[in-house]
Amino acid sequence: MKIDVLLIQPYQGEEIKFNGIMENIGLGLISSYLKRHNFNTYILYETFHETNFYAQLDYYIAQKPEVIEIALITYYYHPSILKLTSYLTKNGYDGYLIVGGHSASFLAETILRIDKNIDGVIIGLGEEPFRKLLGNIKYYKKVKGKVFQKTPSCIYKSNGEICHTGILKKMPQNISLMPDRDFLKDISPKKEKQILFSVSFSRGCFGKCLFCSINKFFNSYSDRIWFSRSVEEIITEIKALISMGKKEIFFVDDEFFGNDYNKTARTEMFCNELKKLKEKIAFSICSRVDSINKEQLILLKSVGLEHIFLGIEFLTQEELNFYKKGITVKDIHKSVNIIKSLGISLQCGFIMFHPFTRLDLIKKNLYSLKALGEAKPLNIMTKLVPYWGTEIFKILAQENMLIFDSTKPSIVFKEHNVQLMYELGEKALLEYMKIIKYFWFLVEPLTLEWQRGHHRNIMEKYSEDIDNIITNANTIFFNFFSSALNYLIKKGADNKMVKQEWILFSEQSLHDLSKEYEKLTLRLLLLIKIKERLIYDSKTVAN
């Protein structure tokens, strides 16, 4: 069967969380929507298909789809996409080559300038613009300028000029469609087991954080900043996943609960419907601090909630106010305490290093994280990402506090000593990650925090040992970081002599850290040998 649209998710680096294992809900929803309107589509994932990606690409190019859409999931135009578009052009693809995605909406003109192979960028919510694009292709045939001119929410090139069409803000009626998962028939059972299946209960976020592009995206490209699907639709999708043997679900909502008048009733209805299912699931959600409610979490936990990603970002009121979080430090402590008191796994979104931070703020955040029980290296060594389209991006651009590697922006710290602290912390984090790779082999967690209990069964006897090693690794890092931070606060590194002292101090501290981590690594290696033996024994018994 000839396809009309090929939707591609290329691999875009390890800096994107779950890049290699998570399905792209956006592509899945666009594909379902187009199929509902009688267009043939296929989603090609570079990381899911075990046969050669480019060999598969050649197969689909030969079918001459009208449109190939490439999903951008990084906050900059990733080099892998440039490589892919060049390959498509060199190998004779002459249809409509499109880029889409959240970041692409803010980067559209830049993408068209740097990638000569791209015909256009679909901005905002893509379902209806893609449908109209395909309809226009059939009507206007190959007159690309006319096709794009009649397609809403599109930025394109015409006679060397970059042109815009009007933004279609109204949501399509069928946003309740489940994502297309036809690609599963073409991947191995082994690979399918590695995929993290996602459900989208809602879209958008009502927060107005200075550093976040979500609110900006929905304000610019939608008629609503947050909206949800019905509970009935969600339960239907969960049943479909269960029928496929999927009992672990990642709710990809930017804000699970929402702030509408119906949020409490919706959560209660969702929990009541989940209780009726014969098969039980485990799931995780993402939430703002001010959405946490103990009674609702108790209900959600009773039906499978295991893990929460909580966006706290800062633990000083000065920073919370500056970045327009709309919450207080007291709110954060209350929410974290509720989650932990219920025994729900917690992962904190945090930003320790940002352009305007100071050593005294870093110290306050560090010890506040410790008080919360969250002083973990991957929380401590977090750095603000200046997303295109955000308020903070504009502020930093005006103050010349951005550095660009092609389209990839990174921040400049206002204080030199903050830069020194960050550089040292990065080196220490590399040592820490050497241990973590062994930890991942032992318990196969989805994240460091959500260890996915059923994967731990084979090591249940040793789970306490594993947790103790990770706790020790975190403590070693905290002691290293706080010692270096206090050194910088006391002495600084502003002149040549003091700077040399800092270099010597840093080298010795890193050496001591490395030695301590080597001892922990030996303990983990012993546990790996135990695990390998347990796996061997279980297979022998099974045979």
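Overview of the structure. (Residues numbered from 1 in each chain as written. Predicted model: local features only at pLDDT ≥ 70, side-chain atom pairs only at ≥ 80, totals over all residues. Heavy atoms only, no water.)

Quick notes on the overall build of the protein chain
Per the secondary structure count, the protein chain includes 19 helices and 16 strands. The C-alpha radius of gyration of the protein chain comes to 25 Å, within 12% of the 24 Å expected for a compact globule of 543 residues. In terms of its C-alpha atoms, the protein chain occupies a principal-axis envelope of roughly 70 × 65 × 50 Å. Across the protein chain, contacts joining residues at least 24 apart in sequence account for 74% of those joining residues at least 6 apart. Accessible area of the protein chain: about 24700 Å², with a carbon and sulfur share of 53%. Taken together, the 73 basic and 62 acidic charged side chains of the protein chain have centroids lying 2 Å from each other. (Helix = DSSP H or I, 4+ residues; strand = E, 2+ residues; numbered from the N terminus. Rg over C-alpha atoms; globule rule 2.2 N^0.38 Å. Contact = heavy atoms within 4.5 Å. Areas by Shrake-Rupley, 256 points an atom, 1.4 Å probe, with all protein chains shown as cover. Lys, Arg positive; Asp, Glu negative; His and termini not counted. Charge placed at Lys NZ, Arg CZ, Asp CG, Glu CD.)

Some words on the sheet that holds strand β4 (residues 96-100)
The strand order β2-β1-β3-β4-β5-β6-β7 describes an open sheet built from seven strands, whose pairing is mixed. The open sheet has two edge strands with one neighbour each: β2 (41-45) and β7 (161-164). With strand direction ignored, the average angle separating the axes of adjacent strands in the sheet is 25 degrees. Bridge analysis of β4 against strand β5 (residues 120-122) gives three bridges, and the strand direction is parallel. Of the residues in β5, the one forming a bridge with Ile-98 is Gly-120. (Pairing = 2+ DSSP bridges. Axes fitted to C-alpha atoms, helices over the stretch in contact; angles between N-to-C directions.)

Comments concerning the nonpolar core
Grouped burial of nonpolar side chains is what soluble globular proteins tend to show. Counting residues in each nonpolar core, the largest one holds 165 residues, and the members touching the most others are Phe-251, Phe-270, Phe-283, Leu-297 and Phe-481. It is helix α18 (residues 463-491) that contributes the most residues to this core, 13 residues altogether. Ignoring anything within four residues of it in the chain, the contact list for Phe-270 reads Phe-201, Val-231, Ile-234, Ile-235, Ile-238, Phe-251, Phe-256, Phe-283 and Leu-300. (Core = buried A, V, L, I, M, F, W, Y, C linked by side-chain atoms within 4.5 Å. Buried < 20%, exposed > 50% of the residue type's maximum accessible area, 1.4 Å probe, protein only.)

Considering the environment of Lys-138
Mapped onto the fold, Lys-138 is located in helix α5 (residues 127-140). When the C-alpha positions of Lys-138 and Leu-525 are compared, they lie 61 Å apart, and in sequence the two are 387 residues distant.

Side note on the packing of helix α4 (residues 102-114) against helix α8 (residues 214-221)
Across the interface, α4 lies against α8 with an axial gap of 10 Å and an inter-helix angle of 70 degrees. As far as their axial angle goes, α8 and α4 are roughly perpendicular. Across from His-102, Ser-105 and Phe-106 in α4, the residues of α8 making contact are Ile-214, Lys-216, Phe-217 and Tyr-221. Its residues placed into classes, the contact of α4 with α8 shows four nonpolar, two polar and one charged. (Parallel < 35°, antiparallel > 145°, perpendicular 65-115°, else oblique. Nonpolar A, V, L, I, M, F, W, Y, C, P; charged D, E, K, R; others polar.)

Quick word on helix α3 (residues 79-90)
The end-to-end C-alpha separation of α3 is 17 Å, in line with the 16 Å expected for 12 residues at 1.5 Å each. Three or more residues of α3 are buried, namely Ser-80, Ile-81, Leu-84, Thr-85 and Leu-88. In an axial view of α3, the angular spread of the buried residues amounts to 130 degrees, which keeps them on one side of the axis. Along α3, the residues that are exposed and aim more than 90 degrees away from the buried face are Pro-79, Lys-83 and Lys-90. Structurally, α3 contributes buried residues whose contacts are with β1 (5-9), α2 (53-61), β3 (67-71) and β4. Among the residues trailing α3, Gly-92 stands out with phi positive, at a value near 90 degrees. (Expected span 1.5 Å × (residues − 1). Arc of directions from axis to C-beta.)

Overview of the sheet that holds strand β13 (residues 305-313)
Strand order in the open sheet made by the five strands is β8-β11-β12-β13-β14, with parallel pairing throughout. Looking at strand neighbours, the two that pair on one side only are β8 (197-199) and β14 (345-350), the edges of this open sheet. Strand after strand, the sheet turns through a mean of 25 degrees between neighbouring axes, direction not considered. As paired elements, β8 and strand β11 (residues 248-251) share three bridges and run parallel to each other. Note that in β11 the partner of Phe-197 across the bridge is Ile-249. Taken strand by strand, helix α9 (residues 231-243) contacts β8 and β11, and its axis lies near 170 degrees from that of β8. Sitting on the sheet, helix α13 (residues 329-341) touches β13 and β14, and the angle it makes with β13 is about 165 degrees.

A look at the side chain of Thr-85
Looking at the element boundaries, Thr-85 is found in helix α3. At 3.4 Å, the side chain of Thr-85 forms a polar contact with the side chain of Asn-117. Beyond its immediate sequence surroundings of up to four residues, Thr-85 is in contact with Ile-70, Tyr-77, Leu-97, Asp-115, Asn-117 and Ile-118. (Polar contact = N/O pair within 3.5 Å; in protein donor to acceptor, adjacent residues only side chain to side chain.)

Digging into α18
Across its 29 residues, α18 extends 42 Å between first and last C-alpha, which sits within 8% of the 42 Å expected from 1.5 Å per residue. Just beyond α18, the residue with positive phi is Gly-492, at close to 70 degrees.

Observations regarding the state of the cysteines
Here a disulfide denotes one covalent bond, and it connects the sulfur atoms of two cysteines. Evaluated as defined, the whole model comprises zero disulfides. Just so you know, Cys-348 is unpaired, no disulfide at all, and the nearest cysteine sulfur is the one on Cys-286, 12 Å from it. (Disulfide = S-S within 2.5 Å.)

A word on the packing of helix α1 (residues 25-36) against α5
Running from N to C, α1 and α5 point in directions that differ by 45 degrees, and their axes come no closer than 9 Å. In terms of axis orientation, α1 runs oblique to α5. Seen from above, α1 lies across α5 with right-handed handedness. Each of Leu-29, Ile-30, Tyr-33 and Leu-34 in α1 lies in contact with α5, whose residues at this interface are Glu-127, Glu-128, Phe-130, Arg-131 and Leu-134. For the contact of α1 with α5, the residue count by class is six nonpolar, no polar and three charged. (Left-handed = near helix turned anticlockwise from the far one by under 90°.)

Quick look at the pattern of salt bridges
Inspection of every chain in the model, using the stated rule, returns 24 salt bridges. The shortest N-O distance in the salt bridge between Glu-273 and Lys-276 comes to 3.0 Å. Put simply, Glu-23, Arg-181, Arg-229 and Glu-237 are held in one network by salt bridges that share partners. (Salt bridge = Lys/Arg side-chain N within 4 Å of Asp/Glu carboxyl O.)

So, the pairing of strand β6 (residues 154-158)
Inspection of the sheet shows β5 paired to β6 by three bridges, in the antiparallel sense. For Ile-122, the partnering residue across the bridge sits in β6 and is Cys-154. Across four bridges, the pairing between β6 and β7 is antiparallel. Residue pairing across strands places Ser-158 opposite Glu-161, the latter belonging to β7. Hairpin connection, β6 to β7: the antiparallel pair is bridged by two residues, and Asn-159 has positive phi, about 55 degrees.

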